[in-house]
Amino acid sequence: MPGFEIFGAEEKQQVLDVLDSGVLFRYEFAAQRKDVWKVREFEQAFAAYTGATHAQAVTSGTAALKVALAALGVGAGDEVITQGFTFVATWEAILDCGAVPVFTEVDLTLNMDPADLEKKITPKTKAIVPVHMMGAQARIEEIKAIADRCNIPVIEDTAQAAGGRLHGRHLGSFGAVGTFSFDAVKTMTTGEGGMCITSDEALWRRMSEYQDHGHDHAPNPGGRGGEGRPFIGFNYRMMEIQGAIGLAQLAKLDGIVAAQKTNKAFFQEAASVLPGVRFREILDADGDSATFLTFMLPDSERTTAVNQVLRDEGVGAVRWSENGWHYYPNWEHLLEGKTYCHGGWPFSAHGKRRIVYDPQALPASAAILERALTYQVPILLADEQKTKIAAALKKAAQV
Ligand SMILES: *Cc1c(COP(=O)(O)O)cnc(C)c1O
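So, here is what we can say about the structure in this document. (Residues numbered from 1 in each chain as written. Predicted model: local features only at pLDDT ≥ 70, side-chain atom pairs only at ≥ 80, totals over all residues. Heavy atoms only, no water.)

### Some thoughts on the overall build of the protein chain
When helices and strands are counted, the protein chain shows twelve helices and 14 strands. Here the protein chain has a C-alpha radius of gyration of 22 Å; the compact-globule value for 399 residues is 21 Å, and the two agree. Counting only C-alpha atoms and orienting by the principal axes, one finds that the protein chain spans roughly 75 × 55 × 40 Å. Residues classed as buried in the protein chain amount to 56% of the 399 residues present. Nonlocal contacts in the protein chain, meaning residues at least 24 apart in sequence, comprise 68% of its contacts between residues at least 6 apart. A total of about 16600 Å² of accessible surface is found on the protein chain, and carbon and sulfur atoms cover 55% of it. Across the protein chain, 39 positive and 49 negative side-chain charges occur, with their mean positions spaced 2 Å apart. (Helix = DSSP H or I, 4+ residues; strand = E, 2+ residues; numbered from the N terminus. Rg over C-alpha atoms; globule rule 2.2 N^0.38 Å. Buried < 20%, exposed > 50% of the residue type's maximum accessible area, 1.4 Å probe, protein only. Contact = heavy atoms within 4.5 Å. Areas by Shrake-Rupley, 256 points an atom, 1.4 Å probe, with all protein chains shown as cover. Lys, Arg positive; Asp, Glu negative; His and termini not counted. Charge placed at Lys NZ, Arg CZ, Asp CG, Glu CD.)

Next up, the structure:
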């Protein structure tokens, strides 16, 4: 999965370009910067790569979600639907806008179940945020069709699926906005960083303004200080060094995905020895970014027993139902409404609880995730590691 595995000379040269220019800020300093505009160049390259007309770089994948939601006008009193299997950042961004996250089940794609989405849409739903978890496609065409019928914008959380496609089209380019993360463990990394892509110019303009304190970025004789402010914003600006690293990593992305595909095929073949094994449903294997392999066993007890053997052999798999950061019933701080805000916001307002979550609300997701085991697929995989994994899975097949 992570671009850090192949971090090297290309990233170093890109960073040196920035240091030689002496300018770290993405805007202004035209006289000093020797025509080095790395963040702008990264945005243009990322938009071209994904097939979107516009891209807006920001400080993180979480910021990308926040900026997209803000630009779509989401705020207090609104509901935003996402899935109960995602990283906490997805709903943190929704809460940070003042909106209430509503969670759907996942199906065998391990992404949003469109049938459950339909049940959860209300007149308050102002955005739908499907997540392309673990590098592979949500049922984005179905989700988009439902959303279009209800006139609700879709934001695709593509943080884990850079380089992924569905039927030839890039993930992140189906909805109104696609958001990406380049944090330290993502498929391509800038250390910290994020991107919003869109083919709606007006929406891009709002994101561009929001992530820079409302600056309208219109040329004027007063320079940056003289720019207009159509509305209030915040600071989620990416800096030049991140943009430079992003350019080097983006150039490697298709190679990263190709290497992962080869290594994922190894994991899949090795896991096939397990009796009763089923693999996660992948809608389009060609477009899978192949960052993870997930397989399901017949029941929870068997899954525990198999993973115990794998752990004993030093190659334990990830069991998301035991993970505190990605799975709804384990988000105790969300479920219990824990916040540092003394007024209880966003869970309470004016002394009254406004958001209540039931830990048992997603039984279909639990039934799948309790039987699921996942291996993260590396870019570089040594032969001795392969031998060890294959032997451990053979042993686990005997229990
Ligand atoms: C990593 C991640 C994010 C947040 O990205 P950061 O850059 O770490 O803020 C959002 N959503 C998902 C699904 C992620 O995996």
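From this point, things continue past the structure.
### Remarks on the environment of V315
Within the secondary structure, V315 is located in the loop between α9 (300-312) and α10 (332-335). Here the alpha-carbon distance between V315 and A270, two residues 45 residues apart in the chain, equals 13 Å. Not counting the four nearest positions on each side in its chain, V315 is found in contact with L310, Y375, Q385, K388, I389 and A392.

### As for the side chain of H215
Here H215 is to be found in the loop between α7 (201-210) and α8 (240-271). Note on H215: relative accessible area 16%, which makes it buried. A polar atom in the side chain of H215 sits 2.6 Å from the side chain of E227. Those residues within four positions of H215 in sequence are excluded, and the remaining contacts are E209, R224, E227 and G228. (Polar contact = N/O pair within 3.5 Å; in protein donor to acceptor, adjacent residues only side chain to side chain.)

Purely geometric numbers; function is a separate question.
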